[in-house]
Structures are given as C-alpha cells and as structure tokens.
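Structural overview for review
If you want the building blocks of each chain, they are given just below.
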Amino acid sequence: MTPWVRRLIIANIIVFLFNEALPVTRGMMAFMPALFLTRPWTIITYMFVHAPLTNITHILFNMLILFFFGPRVEDRLGGKHFITLYLVAGVTGGLLSFAPMYYYSWIVGASGAVYGVELAFAMFWPRQRIHIWGIFPVEAWVLVVFLTGLSLWGGIRGGGNTAHFAHLGGFVGAFLYLKWLDYRSPAKQFKKKMTQPAKRTPGGDGADLKRWSAIDSESLHPVNREEVERVLEKIKASGVGSLTAEERATLDRFST
C-alpha cells in the first residue's frame, strides 16, 4: 500500500470511529450546500465522514475502491499530485451537489474523492480488466462510463440517500486536474516550444543572420550542434532565402 493511500484509509477510519463515539460530530462535519457560507469547512470534512455503523458498507465500499485503485494511481502521479487529485475530486463532488435536488441534503462520504481516483485509473489504464465482486470482468473505461450513466440517471431522478452528483463531481474534478497536469507536463511544454513560430528580428534577414551567426555551437548537444552547423552551411551555400520554416525555427531556438 502506498503512503497516501494508507494515510487516507487510516484518516477515514479514525474519523468514522470518532463520529461513532460522538455522533453529534457527524453533523458538524457533514456538508449541506444550503449551509456552505456558514459552514465552509464542511466541503473538506464531509469527505472523511461516513454513515453510522448500521450502514457499515458505506465506508467499507469507499475504502475498498481506494485500496484497489489508489496505489497504482499514486505510483503513477506521485504522492503530491495524488493527494491533490483526491481532494480536488472531493471538493468538486461537493460543488456539484449544489444542484437543486441536493441543495438541502446532507452529503457525507469519500465517494466523490475515490471516484476521482477511479477515473484516473481508467484514464491511465483504460483496458485494464476489473473483476466486479471478483467475478464479472469489466474494462476500466467501461466501468467509468457505466458509473457515469448510473450517477446521471440516479441524480436526475432525485437520488434517494445517494449523492449521485457528488460522484459525478469527483469524475469532473479528477478529469480537469489530470488535463491540467498534462498541459503543465515537461513533455507538453517542450512540444509547445518546438512548435512555436519562428521569431522575426527587426531588420530582416540580415539581422537574423547576425543573430544566428552568434550561436555558440560548442555549448550545444552534439545532435543539436550538427543540425545548427548544417543549416548555417546551407545559408553560406544558398542564402537565407533557401531556409525552410523548420530550419529558421531551429536557429531561433538556439539564438538569443
């Protein structure tokens, strides 16, 4: 079990036992959208609160999802991004519960957060087979699509005692956070830099040539040095006008 998965499971169990010992604290930590402005802390605390012992399956089901899906996701993302994804999914689960049918409902449970972890698993390993109840094999992406449809259907119908929109909010928050991580990833930033249009220097080709000629090729990686020297030789042989847009961009990337 990975560090943050272990900590989260322990934290949920401790809060559950605390709420059992002092039932009044369950209401103090539960989230109701209508009371958010007077109880803002509850959009965090609600995801650590679960139904009483008489409905033990509530916490058991959520912790099982976290136990099975969490470690691989944490290994993939790293601890910092994993716990951030978990909390973001839980918060967006609370935010989607502002829908009219849940506005005056008490929302408790880690479902939104662990559904976010489940979505992350499905995005990283969509074809991984999950055995429901240890019997029925379902690919991860199919499971998420099914749960999304189930939550939409249940939420629109009113949902009963299940916060279906919190589940959907967990999916939404996890999806947006993972997309943000992908956008900020070094690989994405490098690709973005490589596809940027070439800079144009005031003064035309003569100014460009002066700037390119000042490139310190000895400081470059051998592969880059070879390409820069090749393009500079092409300029000597055929002039600046013979360069392609990609060759201009290559020189621009290594010039100041």
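Note: the structure precedes this text.
Now for a look at the structure at hand. These numbers come from a predicted model, not from an experiment.

A word on the overall build of the protein. Looking only at helices and strands, the protein has twelve helices and two strands in total. When the elements of the protein are put in sequence order from the N terminus, they spell out α-α-α-α-α-α-β-β-α-α-α-α-α-α. Evaluated residue by residue, the protein yields a buried proportion of 42% over its 256 residues. For the protein, the share of sequence-separated contacts (at least 6 apart) that also reach a separation of at least 24 residues comes to 67%. Roughly 14400 Å² of accessible area belongs to the protein as shown, and the carbon and sulfur atoms make up 67% of that amount.

Before going further, it helps to examine the packing of aromatic side chains. A complete count under the given rule lists 13 aromatic pairs for this structure. Aromatic side chains Phe31 and Tyr46 sit 5.7 Å apart centroid to centroid with 40° between the ring planes, which places their arrangement in the tilted category. Residue Phe31 is found in the loop between α2 (24-29) and α3 (42-45), and its partner Tyr46 is found in the loop between α3 and α4 (57-77); the two are separated by 15 residues along the sequence. With respect to burial, Phe31 and Tyr46 carry one shared label: buried.

Inspection of the secondary structure puts Tyr177 in helix α8 (residues 164-184). Sequence separation between Tyr177 and Leu85 is 92 residues; the distance between their C-alpha atoms is 6.5 Å.

Over its 14 residues, helix α6 (residues 111-124) runs 20 Å from end to end, which matches the ideal 20 Å to within 8%, given 1.5 Å per residue. Residues of α6 that are buried: Ser111, Gly112, Ala113, Val114, Tyr115, Gly116, Val117, Glu118, Leu119, Ala120, Phe121 and Ala122.

Residues Met1, Leu60, Leu64, Phe67 and Phe68 make up a contiguous nonpolar surface patch of roughly 500 Å² in combined accessible area. Summarising the element assignment, Leu64 is placed in helix α4. Assessed through its relative accessible area of 38%, Leu64 is described here as partly exposed.

Reading guide: rules and limits
Residues numbered from 1 in each chain as written. Predicted model: local features only at pLDDT ≥ 70, side-chain atom pairs only at ≥ 80, totals over all residues. Heavy atoms only, no water. Helix = DSSP H or I, 4+ residues; strand = E, 2+ residues; numbered from the N terminus. Buried < 20%, exposed > 50% of the residue type's maximum accessible area, 1.4 Å probe, protein only. Contact = heavy atoms within 4.5 Å. Areas by Shrake-Rupley, 256 points an atom, 1.4 Å probe, with all protein chains shown as cover. Phe/Tyr/Trp six-rings, centres within 6.5 Å; stacked < 30°, edge-to-face > 60°. Expected span 1.5 Å × (residues − 1). Patch = residues over 30% accessible without salt bridge, like charges linked within 9 Å, V, L, I, M, F, W, Y side chains within 5 Å. Salt bridge = Lys/Arg side-chain N within 4 Å of Asp/Glu carboxyl O.

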